[in-house]
Amino acid sequence: FIQIIQITTTHSSCCRHAVASARAKSLSETRGALVAQVGHLWGVEDTATPLAQGEKLVALVPGARLWKLDGLGHIPQIEDPAAFMAALKDALAWMETQSN
């Protein structure tokens with residue numbers, strides 16, 4: 001599977017603050033400062049990391065999306081580069097709309 005994460009900030013000093021806070025505080029104390037769009041590209045036929053794991057991961061992150069790549073396994077970018085690139089472009093376009 002491939003995980004794509006785009007992080008945007010809610011205020012200008014957020015990145016410096018988040019890095020410093022991550023060293024000193026727990027994630028629960030800093031999570032309001034960052035917003036992340038999370039997308040997973042997953043080969044439906046993946047036996048190393050089955051699709052059920054991807055579905056569980058997506059359920060853990062509010063707003064996350066899962067792109068299921070039919071007929072592909074653990075290395076979809078090698079197995080079918082064109083299908084993988086189409087899904088990746090779709091995922092990146094989705095992330096762009098989420099960050100506006």
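Quick caveat, the model's predicted, so the values are computed rather than measured. (Residues numbered from 1 in each chain as written. Predicted model: local features only at pLDDT ≥ 70, side-chain atom pairs only at ≥ 80, totals over all residues. Heavy atoms only, no water.)

Novice: Mind laying out the pattern of salt bridges, listing which residues take part and the relevant values?
Specialist: For the structure on display, the rule yields 1 salt bridge. Measuring nitrogen to oxygen at the nearest pair gives 3.3 Å for the salt bridge that ties Lys68 to Glu55. One end of the pair, Lys68, is in strand E3 (residues 65–69); the other, Glu55, is in helix H3 (residues 51–60), with 13 residues separating them in the sequence. Under the relative-accessibility criterion, Lys68 is labelled partly exposed at 45%. The exposure class assigned to Glu55 is partly exposed, which follows from its relative accessible area of 37%. (Salt bridge = Lys/Arg side-chain N within 4 Å of Asp/Glu carboxyl O. Helix = DSSP H or I, 4+ residues; strand = E, 2+ residues; numbered from the N terminus. Buried < 20%, exposed > 50% of the residue type's maximum accessible area, 1.4 Å probe, protein only.)

Novice: I'd like to hear about the environment of Trp94, residue by residue, with values.
Specialist: Mapped onto the elements of the fold, Trp94 is located in helix H5 (residues 81–99). Judged by its relative accessible area of 11%, Trp94 falls in the buried class. Each C-alpha atom, one on Trp94 and one on Gln37, is 9.0 Å from the other, the two residues being 57 residues apart in sequence. Discounting residues that sit within four places of it in the chain, Trp94 has contacts with Gln37, Val38, Gly39, Gly63, Arg65 and Trp67. (Contact = heavy atoms within 4.5 Å.)

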